[in-house]
Amino acid sequence: MKRSRGFTLVELLVVIAIIGVLVGLLLPAVQAAREAARRMQCSNNLKQLGLALHNYADTYKSFPYRRGGTTGSPGQSVTTNVNNQMHNSGRINGFIGLLSFFEQGNMYNLIQAGNATGAPGGPRGDQNWAPWNTPPATMKCPSDGGATTGKSHSYVFCQGDQVEGMNSLLNNRGVFGRFLTRRFGDMSDGTSNTLALSEITSNLPTGNGGQFGFVAQARQIRINQAYVRDVLGIVNSPALCRTRSDGQYYLAGSVVHGRRGFNWTDGPAALCTFNTVLPPNSPACAEAGDFGDQDNLTFPPQSNHTGGVNAVFCDGSVRFIANTIDTGNLGVRQLQSGPSNYGVWGSLGSISGGEVSAYDN
C-alpha cells in the first residue's frame, strides 16, 4: 500500500518562516520605492510651479506677490463688503495669478469672471466659494497625507531669512511678500542662489485649532503637523523654537495651530510661506496672534521625505535641501540689510544679502 507524501509540520513551519523573512526584507524596499516615486512627483510639481513663475515673469515682468489682490494695496486690506464676497480685500495669494501658467487657464478664467456669489477676481481667499474649493492636483505632494482632502496644499513661498514681520512687512528679504513683487534684477545674489518655493506637510489631523489653537498632549502632535504659538523671543533668538519639542513631537502643554497649507487661496504668511532660518523639518513657532495671522514666525519647510525637502530656485532648478544644511548662528536677530546670520540656509533665502556661498546637493 502506497502512502501519499505531504509536508511535515516542521517543513511547513520552515516554509512559513522563509516567506516571513522574504516579506520582511521586501516590504521596506517596496515602501522605499513608493516614497521615491512620491518624492519624484513632488519634485515634478515644484518644477511645474517654477516654470510657471518664469512664464509669469516673462508676461508681467515680475514675480507675483505672496499676498495681494485686485482690491488690495499696501496698508489697506480692510473688508467693507457683506460676507467678504464682493471684493478680495487684498487677501488672496500668488498661486491664483500663476494658475494659467501651469495648465489651469480654465480655472483662472472662471475666477476672473466671477459669479453671483463672488466678484470678478474672487472674494477673500478664506471664503467658501466654488472656484476656491478644489485645488489643482499640482498643488499637492503625494507624500503629504494631509493634502489629500479639502482646500489644503503642499507648496509655499519663500519670504527670506528673517523672523520679524513675516505677515505684515511690505519689504522683506526674500522673493515674496505682502503686496510685494520682485523682478529678476532685484536678485543680486543670483537666481541660482535664491529660493522661490518649497514644501510643507499640511493640515493638523485633529483640526486647525480655530481662533486660539489647542493644547497638545504628550507625544500627540508631530512637529511637521502644526506650529506652536506664544513663543516669545524668537525674533532675537530663533533657536528658542527648538525648546518647544523633543525633536519629534511638540511638548505637552504647547498651544498649537494646524493652519500651514490650510487653504490654497489665502494669503496670510502662516498659511503659505516659509523662511530660511531653522533648517528643514525643524519645529515651527509663532509669537502672539490668533487664527493664522501671527506675524513673527520661524517657519521651516517640512516634508515626509527622508532627510530633507524639495525646493525650486529662482532659476527654475529643483534641488533637495538636507535637514543638516548649515544655519549659522540661530541665537541672534537678522537685520533688514546685510549678509544672513543663518549660514548657507539663510543666504539662500535672501535676494540681496551679498553672500557668496551657494548650495550644491
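In case you missed it, the structure is sitting above this.
Criteria and cut-off values
- Residues numbered from 1 in each chain as written.
- Predicted model: local features only at pLDDT ≥ 70, side-chain atom pairs only at ≥ 80, totals over all residues.
- Heavy atoms only, no water.
- Helix = DSSP H or I, 4+ residues; strand = E, 2+ residues; numbered from the N terminus.
- Rg over C-alpha atoms; globule rule 2.2 N^0.38 Å.
- Buried < 20%, exposed > 50% of the residue type's maximum accessible area, 1.4 Å probe, protein only.
- Contact = heavy atoms within 4.5 Å.
- Disulfide = S-S within 2.5 Å.
- Polar contact = N/O pair within 3.5 Å; in protein donor to acceptor, adjacent residues only side chain to side chain.
- Pairing = 2+ DSSP bridges.
- Phe/Tyr/Trp six-rings, centres within 6.5 Å; stacked < 30°, edge-to-face > 60°.
- Lys NZ or Arg CZ within 6 Å of the ring centre and 35° of its normal.

This part is about the overall build of the chain. Helix and strand content of the chain: 5 helices and 12 strands. The C-alpha atoms of the chain give 23 Å as radius of gyration, which agrees with the globular expectation for 361 residues (21 Å, within 12%). Along the first, second and third principal axes, the C-alpha atoms of the chain reach 100 × 50 × 40 Å. A buried classification covers 52% of the 361 residues belonging to the chain. In the chain, the proportion of contacts linking residues at least 24 apart, taken out of those at least 6 apart, comes to 69%.

The next subject is the state of the cysteines. Counted under the stated rule, the structure contains 1 disulfide. A sulfur-sulfur distance of 2.0 Å marks the disulfide that ties Cys-241 to Cys-285. Judged by the torsion about the S-S bond (85°), the Cys-241/Cys-285 disulfide is right-handed. Here Cys-241 is found in the loop between β6 (227-228) and β7 (255-257), whereas its partner Cys-285 is found in strand β9 (residues 285-286), with 44 residues between them in sequence. Just so you know, Cys-158 is unpaired, no disulfide at all, and the nearest cysteine sulfur is the one on Cys-314, 7.9 Å from it. Judged by relative accessible area, Cys-158 falls into the buried class, the value being 0%.

Take the environment of Gln-162 next. Position of Gln-162 relative to the elements: it lies in the loop between β3 (155-158) and β4 (195-199). According to the relative accessible area criterion, Gln-162 is buried, its value standing at 4%. In this structure, the C-alpha to C-alpha distance between Gln-162 and Asn-341, residues 179 residues apart in sequence, is 9.5 Å. At a separation of 2.7 Å, a polar atom in the side chain of Gln-162 contacts the main-chain amide nitrogen of Arg-173.

For the rest of this paragraph, the subject is the sheet that holds strand β11 (residues 308-313). Backbone hydrogen bonds are what pair the strands of a sheet, in a parallel or an antiparallel way. In spatial order, the strands read β8-β3-β4-β11-β12; together these 5 strands make up an open sheet with mixed pairing. Where the open sheet ends on each side, the last strands, each with one partner, are β8 (273-274) and β12 (318-322).

It is worth spelling out the packing of aromatic side chains at this point. Here the structure, examined in full by the defined rule, presents 10 aromatic pairs. On the basis of an interplanar angle of 25° and a centroid distance of 4.3 Å, the ring pair of Phe-95 and Phe-157 is categorised as stacked. Taken as a pair, Phe-95 in helix α2 (residues 95-98) and Phe-157 in strand β3 lie far apart in primary sequence, 62 residues in all. Both residues of the pair, Phe-95 and Phe-157, belong to the buried class. The ring of Phe-320 is capped by Arg-39, whose NZ or CZ atom sits 3.7 Å from the centre of that ring. The residue whose ring lies beneath Arg-259 is Phe-262, and the NZ or CZ to ring-centre distance is 5.0 Å.

So, about unusual backbone geometry. We note that Phe-179 has phi near 55°; this positive angle belongs to a residue other than glycine. Phe-179 sits in the buried class, given a relative accessible area of 17%. The residue Arg-219 is not glycine, and still its phi comes out positive at about 50°. Turning to its location among the elements, Arg-219 is positioned in the loop between β5 (214-215) and β6.

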